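An overview of the molecular structure
Okay, here's what each chain looks like letter by letter:
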Amino acid sequence: MASKVYKYLILGGGNAAGYAARALAARGLGKSEVAIVSKEAVAPYERPALSKAFLFADPPARLPGFHTCVGGGGDRQGPEWYAENGIDLILNEEIVAADLAAKKLSSKVGTEFGFDKLIIATGCSPIVLNKLQGADLKGIHYLRENADALELYEALQAHKGEEVLIVGGGYIGMEVGAAASIVGCKPKLVFPEEHVMPRLFFQEMGEKYEEFYMEKGVQLFNHGYLCDAFVGDENGNLTGIKVCKDDKKETLTGKLCIVGVGARPNVQLFRDQVEMEMGGIKVDGKFESSVKDVYAIGDIATFPLKMYDGKLTRMEHVAHARQSAAHVVDALFNSTTPDYDYLPYFYSRVFSLSWQFFGENAGEPILVGDMKPKMSAFWIKDGQVNGVFTEAPSTEDTEIMRAIALKRPSVDAAKLSTLTDPDEALKF
Ligand code: FAD
Ligand code: NDP
């Protein structure tokens, strides 16, 4: 017997959960009809802050400053906001078992929760290099939650002026690498691919960012460098990492290592109960899963991209977390809600740089301009612009890029590639 049954139960207390709570509160629900159950100790917050102003700003960003929904222009929803809106915010409560047919979740401490409708928003966890030798040494950090970021901040402060090892050349590697450099550490970025951000950037583009990082004193170990093992001293403290490239092995020294080698959706509780695709919970255009009354939003949702003929995708980005949360609540209350129509959008901010991307990075890539002061990239597929990127976009550029990615205009690729001014290219 469930101890408490909620009309709307949100599992997970991250970005998507905070925005779903906001949308539910806007519908004026009664007291205790909605609950959030989260294993974190704090109310939902804007997770992107953790790898940026949290680590290097002076003073650093701290809660309650970045609770949702400040990033989306909404209220700052601290614990008092949930109380005022009649939403039960149940923190420090990890769900360890789920019975979707019986509409019941059970927590680690034995609490049971029932639901009429369940919104799963459990996000991702970092991929942990736990098979590598030395994986349990002190000084190895992963970054996902507020508690991780607090520890990482202290560690960066403690290792100012020292070499810091960063494994991974994706989002975490780039953003934490920049933060480490800003606070006065000497970062070494280790990753196997030819260039940074390999899933989005192409070679020429990646190299521009690499040049910028090197000018800032960041050392790069890429083109095949893999972290092979962690090494430590007799007290269990990290002293370096072993890297291998081809047949060559060497040890890079450092007492602090941050690993950012990707993330996996937290869906293991539901694996045999609901249809899965691409590592996530498969949902329709209203975010309903294959199990009635069970919905999935944010990083864990594998959803159809309407603008790309229903192609399935998963997005590990905050714009989708926010929009999917608003959409699922809209669909729950309104049977005429259309299917989710998401335009893929990514962004990052590192050092003084800031980029945005819209669309798909498939097709022939064309780079226009140089990093300083500005550059744009276009991906041309079947004669149409399929994806568009700009470093240092203005507000107007953002709107132009959004329109380009939505309309996918035909373009003369040969002519576009002769341009040198991004402003001219964006209006081409
Ligand atoms: P999360 O925000 O991860 O929330 C999941 C929640 O579920 C967490 O509170 C977790 O503790 C909880 N949970 C999981 N399992 C259980 C369980 N069994 N029981 C109870 N609770 C559970 N995206 C961008 O677009 N731009 C950025 O600049 C950017 N920066 C980022 C920086 C960092 C450091 C990280 C880690 C991510 C960043 N992202 C960024 C990605 C973005 O934060 C995520 O896409 C977004 O947070 C996804 O929201 P979500 O609600 O699906 O998952
Ligand atoms: P990414 O997938 O962006 O990057 C992981 C990188 O690590 C890849 O380049 C990967 O290479 C490399 N790698 C894998 N194994 C090794 C190894 N043994 N040694 C060296 N390099 C290795 O994941 P992140 O960890 O950076 O990000 C985690 C999550 O956080 C994602 O969901 C991301 O979207 C989110 N995030 C988003 C931000 C943003 O949008 N601005 C900012 C920060 C985080 P390969 O591909 O070959 O495996």
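Everything in this summary refers to the structure shown in the same document. All values derive from a computational prediction rather than experimental measurement.

**A look at the pattern of salt bridges**
One pass over the structure, following the stated rule, counts 25 salt bridges. For Lys427, the salt bridge goes to Glu396, with nearest N and O atoms at 3.8 Å. Here Glu396 lies in helix H8 (residues 395-407) and Lys427 lies in the segment after helix H10 (422-426), a separation of 31 residues in the sequence. Exposure remark for Lys427: the relative accessible area of 57% places this residue in the exposed category. Its relative accessible area of 48% is what places Glu396 among the partly exposed residues. In this structure, Glu399 engages Arg402 in a salt bridge whose closest nitrogen and oxygen atoms are separated by 3.2 Å. Highlighted residues: Glu399 and Arg402, both in helix H8, separated by 3 residues, approximately one helical turn. Taking the relative accessible area as the measure of exposure, Glu399 reaches 43% and is therefore partly exposed. One network of salt bridges, with partners in common, ties together Lys103, Lys117, Lys292 and Asp293.

**Concerning empty space enclosed by the protein**
All told, the structure shown has 1 cavity of 30 Å³ or more when counted by the stated rule. Counted as a void, the largest cavity has a volume near 40 Å³. Here the lining of the largest cavity is composed, by residue class, of 5 nonpolar, 3 polar and 1 charged.

Rules and cut-offs
Residues numbered from 1 in each chain as written. Chains lettered and ligands numbered in written order. Predicted model: local features only at pLDDT ≥ 70, side-chain atom pairs only at ≥ 80, totals over all residues. Heavy atoms only, no water. Salt bridge = Lys/Arg side-chain N within 4 Å of Asp/Glu carboxyl O. Helix = DSSP H or I, 4+ residues; strand = E, 2+ residues; numbered from the N terminus. Buried < 20%, exposed > 50% of the residue type's maximum accessible area, 1.4 Å probe, protein only. 1 Å grid on protein atoms, 1.4 Å probe; cavity = no way out; pocket = protein on both sides within 12 Å on 5 of 7 lines; lining within 4 Å. Points joined across faces, edges and corners; volume = space filled by probe spheres on them. Nonpolar A, V, L, I, M, F, W, Y, C, P; charged D, E, K, R; others polar.

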